[in-house]
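A closer look at the structure
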Amino acid sequence: MYKRQVLAALAAARPAAVLIEGPPEGDALLPLAADPRMRPPVALLAHAVDDPGRASFWPMAAFSPEWVAIRWALDHDVPVRFIDLPAAHSLALKEPAPGTGSEEAAAGERAGEEDTPNVDPIRVLAETAGYDDPERWWEDIVEHRSPGAGTGRGSGSPPGDTVGADDADDALAPFAALAEAMSALREAYGDGGQPRDAVREAYMRIQLRTARKEFGDAVAVVCGAWHVPALAARTTLATDRALLKGLPKVRTDLTWVPWTHRRLARHSGYGAGIDAPGWYGHLFDVADRPIERWMTKVAGLLREEDRFVSTAHVIEAVRLAETLAALRGRPLAGLGETTDAVRAVMCEGSDVPLALVRDRLIVGETLGEVPDTAPAVPLQRDLTRSQRALRLKPEASERELDLDLRKETDAARSRLLHRLRLLDVGWGDPVAGRGSTGTFRESWRLRWEPELHVRVAEAGVWGTTVLTAATAKAESGAVAATALADVTALAEHCLLAGLPDALPVVMKALADRAALDADVGHLADALPALARSLRYGDVRSTDTAALAEVAAGLAERICVGLPPACAGLDADGAEALRRQVEAVHGAIGLLLAGAAPAEGLRERWDAVLHKLAARDTVAGIIRGRATRLLLDEGRLAEDEAARLMGLALSPGTPPADAAAWIEGFVGGASGGGMLLVHDERLLGLVDAWLTGVPAETFTDVLPLLRRTFSAYEPGVRRTLGELVRRGPVPGGARRDEAGRAPGGFGPGLDRARADAVEPVLRLLIGRRSEPEEAAG
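Predicted, not measured: the structure shown is a model, and the values here were computed from it.

**Let's talk about the overall build of the protein chain**
- The number of helices and strands found in the protein chain is 35 helices and nine strands.
- The contacts in the protein chain between residues at least 6 apart in sequence include a share of 73% that link residues at least 24 apart.
- Surface exposure of the protein chain reaches about 36,200 Å², of which carbon and sulfur atoms provide 53%.

**Topic: the environment of A225**
- With respect to the helices, strands and loops of the structure, A225 is situated in the loop between β5 (219–222) and α9 (228–232).
- When the C-alpha positions of A225 and M182 are compared, they lie 6.7 Å apart, and in sequence the two are 43 residues distant.

**Overview of a nonpolar patch on the surface**
- Together, V757, V760, L761, L764 and I765 make up a nonpolar patch on the protein surface, roughly 500 Å² of accessible area in all.
- Along the chain, L761 falls in helix α34 (residues 751–765).
- Taking relative accessible area as the criterion, L761 reaches 46% and is therefore assigned partly exposed.

**Some details on the packing of aromatic side chains**
- Taken as a whole and judged by the stated rule, the model has five aromatic pairs.
- Seen in terms of ring centroids, W67 and W256 are 6.0 Å apart; in terms of plane orientation they differ by 90 degrees. Their pairing is edge-to-face. Of this pair, W67 sits in helix α2 (residues 65–75) while W256 sits in strand β6 (residues 252–258), placing them 189 residues apart in sequence. With respect to burial, W67 and W256 carry one shared label: buried.

**Considering unusual backbone geometry**
- P40 connects to P41 through a cis peptide bond whose omega is 10 degrees.
- Residue position: P41 is located in the loop between β1 (17–20) and β2 (42–48).
- Backbone geometry places E348, a non-glycine residue, at a positive phi of 55 degrees.
- Secondary-structure assignment places E348 in the loop between α15 (335–346) and α16 (351–364).
- The phi dihedral of R391 is positive, around 55 degrees, even though this residue is not glycine.
- Here R391 is to be found in the loop between α17 (378–389) and β7 (399–404).

**What to know about the nonpolar core**
- In terms of nonpolar packing, the biggest core is built from 108 residues, with L527, L562, W605 and L612 touching the most fellow members.
- A per-element tally of this core places helix α24 (residues 545–565) first, with eight residues.
- When residues no more than four places from it in sequence are discounted, the contact partners of L527 are A551, L554, A555, I558, V584, A587, I588 and L591.
- Counting 70 residues, the second-largest nonpolar core is a separate cluster that includes L32, A46, W256 and Y280.

**A short note on the packing of α17 against helix α19 (residues 452–459)**
- Across the interface, α17 lies against α19 with an axial gap of 8 Å and an inter-helix angle of 120 degrees. The pairing of α17 with α19 is recorded here as oblique in orientation. On α19, the residues touching L379, Q380 and L383 of α17 are H453, V456 and A459.
- Within the contact of α17 with α19, the residues separate by chemical class into four nonpolar, two polar and no charged.

The rules behind the values
Residues numbered from 1 in each chain as written. Predicted model: local features only at pLDDT ≥ 70, side-chain atom pairs only at ≥ 80, totals over all residues. Heavy atoms only, no water. Helix = DSSP H or I, 4+ residues; strand = E, 2+ residues; numbered from the N terminus. Contact = heavy atoms within 4.5 Å. Areas by Shrake-Rupley, 256 points an atom, 1.4 Å probe, with all protein chains shown as cover. Patch = residues over 30% accessible without salt bridge, like charges linked within 9 Å, V, L, I, M, F, W, Y side chains within 5 Å. Salt bridge = Lys/Arg side-chain N within 4 Å of Asp/Glu carboxyl O. Buried < 20%, exposed > 50% of the residue type's maximum accessible area, 1.4 Å probe, protein only. Phe/Tyr/Trp six-rings, centres within 6.5 Å; stacked < 30°, edge-to-face > 60°. Core = buried A, V, L, I, M, F, W, Y, C linked by side-chain atoms within 4.5 Å. Axes fitted to C-alpha atoms, helices over the stretch in contact; angles between N-to-C directions. Parallel < 35°, antiparallel > 145°, perpendicular 65-115°, else oblique. Nonpolar A, V, L, I, M, F, W, Y, C, P; charged D, E, K, R; others polar.

This is the structure:
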């Protein structure tokens, strides 16, 4: 394949120096490529010292022509240098050059395509040759052309260090042909719509002249084929220097960072130009019988996913791939033929398992490694040490991590992940945990992406360790925040991330914002985060006394200001405030469950809900929700709830207002459907109101009703339908055709049966029995 031809050409030419398209600032990093701990795919990362967000990558896989050339030069003690436009210039330009280097070449695929997006030279050559697919043309003409094919060496054998004249001619022939083709294309298309290439090529010509003066003409250049005619052009040194005059410049830092096969794929957004890095890596690594070995890999993957794939499937898939190649007039089976064969033989014609093959093998999930001796910002080094100490290895594939915060290691992992989120290094995202809703459980979804190295470099301005950087950023965010909710969220982050030094600054900002903010909506948005934060004190051993004082003050002010704020609202405003009432109710519940709840808070909040439920000037959806919250907490008798519903659904109430009340009372995921199932009176009131809605207004309330009842589970809707179909009987009770009361209802409370359930319920919720509590 093409990458083996690079090795063959270097072995044949035996150059005195090797020049590679890439940033010259990376020359000092080239010896690290020989480090045994350096495992591709990797990338050169360049970023501006004063603005780390301005960065560029030069990715390389094990099969990249650049990487192959670097390793050959280092293995043979041949000088090797980068000759592209320096990163100091390319990062300073308003619009960085495409990939700030040949990403095509850096990724080891068809050089030049990404550098010339307005002219795809490979597509032009493929169409000229009668191909409708440039990928297939490249495989047939270049990838499947074996080094030494004419000398009997065999397709899979890498070239040796000793070659004859025929071997040398054979190894260099494809490069000469590509150079001739590119010359014709440059004559036809000029710069291909990339005028900045002229600047880059001028710099490369200057570096080429310098190398020839030092080493003679025996210099090998590994670059995108599109640049070859420009590098061979006869220009004067003064002309090239004139093109470079006045270029802007910034201070830059370069290092090696791990890369992934997924990021090498063109669809990943990094333009590396490789649709199938896993496939090309396989072709480069195997010594012989690539198709047979590939099919064996596919079979192993499918077996791991519990699909039946036998040896006979592998044999048949290889035969089918070779037959397809012959029918299509191709010299060897390529990726298209092997994929078609896998789909037909191993996947039984289904694209579902084939998608797994594409994801895991054709693209691949390989994550490279970089030795510790590679330059890195202090923050990156501290993060690396923390990852190793906590046994949290970065991985390219996504995985879930469950943490038990009662364990010191898991608690430290949690703090690290929360600190990184505060620094905008999104290695992990919290997800809903499995098996527990307690504060001592956390679940994370982890996935390391190469660009996170840039995020770490950006975060390095805040400090040299993850702890100090997160602390400094939290303090700065607290001072700069203008919204009360932002400060409360920051306080929550500080507790989760274990930032005790930042808390005083955050708490002062929180107290100042809370004292000045008179908007009840802002206070309602801020309280839930504070209430959640107070729950972390026990498990995280954090002092939350100051936080509790601020939270209690916010709750008091909400109780005073909420009833007036709920009057005179439009539909959107009423819905927004309904959500805030629910959030505040939950937050006050957390405050009351704390170690030292504010005295009288429950009574004051209950009084607020009673006011909201009884006032006609309050929007229906808020009145309905307040009634429901009181009923669920046992703070409202069922008779009173039925009375409030009857008033809300009386004939004098506009249908739209009544429908809004129903949505507030039984809507959403609040369990309202089950409430209607088990309370015949409430269901009867809703049923009676609904059947009494005038026909001319029914269509107006129908969307609201559909939104309310469509949120119920199918079983609940079905049960409600059956109860309504049976119809009412005197006294409001409903019975089936046999005259029996429906399931779940009886003539009265059976205390003996209810008491029998209590021990099981206590076991489920982790509560001791009353005698045990008294004894303990």
